[in-house]
Amino acid sequence: GPKLKSKFQLLFTYWMSAGGHKVRKEPVPLGEENSSFMEGLKVVVKEGTKNSAPHKKTSDCVVVGTIRMGFGHHRIAYAACSWSLKGSGNNDTYFHDFLNIDTPEAQLIKDMDKWYSKGSRLASELGGMVEQFWGAITLSGDADSLRATYQIAEAVKPLLSQLPKDTPIVATHCMVGLAAVAAGFKNVINLVIDNHAQWFVVVPGALNLVQGPTNYAQLLRMGVPPEEIKLAGHWIPADLVDNLNVDCKARIARATSKNKKPLRLLIPVGGAGAQRLFVTKLVKALIPRVRKGDVQLFLNAGDHEHMRIAFTDALDSNSQSFNTVNSIKGVHDFCDSLRKGNEPPSAVTLFAFKDYFPAVATTDIVSRVTDVLACKPSELAFYPVPKLMIRRVGDHEAYSALRASELGDGTLEARELDDCLRFIELFRDISGSPLLVSMNEKIMENGKIGVYDGCKNAIEIARKMKASK
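Conventions adopted
Residues numbered from 1 in each chain as written. Predicted model: local features only at pLDDT ≥ 70, side-chain atom pairs only at ≥ 80, totals over all residues. Heavy atoms only, no water. Disulfide = S-S within 2.5 Å. Buried < 20%, exposed > 50% of the residue type's maximum accessible area, 1.4 Å probe, protein only. Core = buried A, V, L, I, M, F, W, Y, C linked by side-chain atoms within 4.5 Å. Contact = heavy atoms within 4.5 Å. Salt bridge = Lys/Arg side-chain N within 4 Å of Asp/Glu carboxyl O. Helix = DSSP H or I, 4+ residues; strand = E, 2+ residues; numbered from the N terminus. Pairing = 2+ DSSP bridges. Right-handed = clockwise from strand over helix to strand, strands pointing away. 1 Å grid on protein atoms, 1.4 Å probe; cavity = no way out; pocket = protein on both sides within 12 Å on 5 of 7 lines; lining within 4 Å. Points joined across faces, edges and corners; volume = space filled by probe spheres on them. Nonpolar A, V, L, I, M, F, W, Y, C, P; charged D, E, K, R; others polar. Axes fitted to C-alpha atoms, helices over the stretch in contact; angles between N-to-C directions. Parallel < 35°, antiparallel > 145°, perpendicular 65-115°, else oblique. Left-handed = near helix turned anticlockwise from the far one by under 90°.

Caption draft 1: Structural detail: the state of the cysteines. Under the definition given, this model contains zero disulfides. In this model Cys455 remains outside any disulfide bridge; the closest cysteine sulfur is found in Cys81, 9.2 Å from its own. You can call Cys455 buried: its relative accessible area is 0%.

As structure tokens, this is what we get:
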């Protein structure tokens, strides 16, 4: 057990996080409604929500549980749902975001997330000692961090404890997995994020699935029981995996075309809204190449108004015209047009939304038609798209960039603007674009051996767990 010092630290941490929260034992009554964005998907809501029905309370389903803390946990949850819907048969698939349920438990989580988002933004904007301090925090997910999270999970378990205890729960946030175990669920799967082994991301009592062999080995070394951990593959949506070869061949054809094509660069912003300064500097630096016809920019501001303004100001201040897409239908129409061989209406396209789902989904959808995905080494570092890994926000992300680089489908982390511009030269300016071609070839090779099948495997395991008990 923890030492006396750790016990006092845990008491203090819980008091700071949830000291004013009154823990209740009774379950929160749940309802369900059809998703307005994913056909066939059911969304868990609070009972009595307008246009909802009472939850069926059946375990013949898969519940994908998540928490909106940035885009990553939601992105992975939607990826898991895409595979569950694909092979659902007569079983329903539920998307259960704890923050969808308007309760004191959800508010407790929101209050905690405010501090994380603020820390990410300050680290990104201020750099220096602030960035170093924040980086150290993101690397320090030790056993006490796990214990502290479990204490909070005990407080929020009413958000799912109404469900039958043999329901398969696929958690894309460790707090969901911990809450499920604390509530007595028997078929819990935790999709471990990142590529850095720390206790904070582990759920004792669940099956912890990891994306890569290094994380698998390190977690075993730390003491995770072998029966509670398994190597599964990367957390990727079905559409990207199913079309992997077609999309890679299309990129290679563009890269090796006799009439040199512009390099399509997708730059998304994370859910915490950090990276404003670095990303806008990159956009401004690329405008001369945009005007020459060398580069096309796809900028996803998500649902962050401050990032929409930042992108707009960067473009307007340099007299660069751009086209705006602000609906999920517009995103699909844009990509369908590019797949038909057309060029975008403008060399710069800004994606900006009021709703949360399009903000997350746009990066997944547009990834299929971009040449390069320029992103921090977050959950997107594992995507089957050639990647330019730009400056990280937390030090734990550095290991995800290493994973991409070693697999051959991404660069090492480019922490400075000059490094980013040099990689773009390598992607675009060398005859035959050998780096871009190589990355696409590696993606196709990786696809053959199941590197990107993590969510597919997670759903299959979840259904087998339920069937075997």
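Caption draft 2: Expanded view of the nonpolar core. Ranked by size, the top nonpolar core spans 99 residues in total, and within it Leu209, Ile267, Leu297, Leu299, Phe311 and Leu388 carry the most contacts. Dropping the residues within four chain positions of it, Leu299 is found in contact with Ile267, Val283, Phe311, Leu315, Val348, Thr349, Leu350 and Phe351. Core analysis: the second largest hydrophobic core is formed by 35 residues, Val28, Leu146, Ala155 and Ala183 among them.

Caption draft 3: Quick peek at the pattern of salt bridges. On inspection of all chains with the given rule, the structure shows 27 salt bridges. Here Arg68 and Asp303 are joined by a salt bridge, their closest N and O atoms 3.4 Å apart. Of this pair, Arg68 sits in the loop between strand 4 (61-66) and helix 2 (72-86) while Asp303 sits in the loop between strand 11 (295-302) and helix 11 (305-316), and the two are 235 residues apart along the sequence. The salt bridge involving Arg368 is made with Asp239; its shortest N-O contact spans 3.4 Å.

Caption draft 4: Local environment of the pairing of strand 8 (residues 207-210). Side chains Leu207 and Leu209 project from strand 8 onto one buried face, and the interleaved Asn208 and Val210 project onto a second face that is buried too. Pairing between strand 7 (residues 188-191) and strand 8: three bridges, direction parallel. Residue pairing for strand 8: Ile189 is matched across the bridge by Leu207. As defined by bridge partners, strand 8 adjoins strand 9 (residues 229-231) across three bridges and the pair is classed as parallel. Bridging across to strand 9, Asn208 finds its partner in Ile229. Each parallel crossover has a hand, and for strand 8 linked through helix 7 (residues 213-222) to strand 9 it is right-handed.

Caption draft 5: Structural detail: empty space enclosed by the protein. Using the criterion set out here, one finds three cavities of 30 Å³ or more in the structure. The calculated volume of the largest cavity comes to roughly 80 Å³. The wall of the largest cavity is formed by Arg254, Ala255, Lys260, Lys261, Pro262, Leu263, Asp371, Phe427, Arg428, Ser433 and Leu436. When grouped by side-chain class, the residues that make up the lining of the largest cavity number five nonpolar, one polar and five charged. The computed volume of the second largest cavity comes to approximately 50 Å³. Taken together, Leu240, Leu244, Asp247, Cys248, Arg251, Ser367, Pro384 and Val385 make up the full set of residues lining the second largest cavity. When residues of the lining of the second largest cavity are assigned to their parent elements, the largest contribution, four residues, is made by helix 9 (residues 244-255). A class-by-class count of the residues in the lining of the second largest cavity yields five nonpolar, one polar and two charged.

Caption draft 6: Layout of the packing of helix 10 (residues 276-292) against helix 15 (residues 417-428). Contact pair helix 10 / helix 15: the axes reach a minimum separation of 10 Å and the direction vectors enclose 40°. Here helix 10 lies oblique to helix 15, going by the angle between them. Crossing geometry of helix 10 relative to helix 15 is assigned as right-handed. Within the contact between the two elements, helix 10 uses Phe278, Lys281, Leu282, Ala285, Leu286 and Arg289 and helix 15 uses Leu417, Cys420, Leu421, Ile424, Glu425 and Arg428. Within the contact of helix 10 with helix 15, the residues separate by chemical class into eight nonpolar, no polar and four charged.

Caption draft 7: Spotlight on the sheet that holds strand 11. An order of 12-13-11-10-14-15 is seen for the six strands of this open sheet, with the pairing classed as parallel. In the strand order of this sheet, the two ends are held by strand 12 (323-325) and strand 15 (387-389), each with one partner. Strand-to-strand twist of the sheet, defined as the mean angle between neighbouring strand axes without regard to direction, takes the value 20°. Examined bridge by bridge, strand 10 (residues 263-268) and strand 11 share six bridges and lie parallel to one another. Among the inter-strand pairings, Arg264 is bridged to a residue of strand 11, identified as Gln296.

Geometric descriptors of this kind do not, in isolation, establish any biological role.
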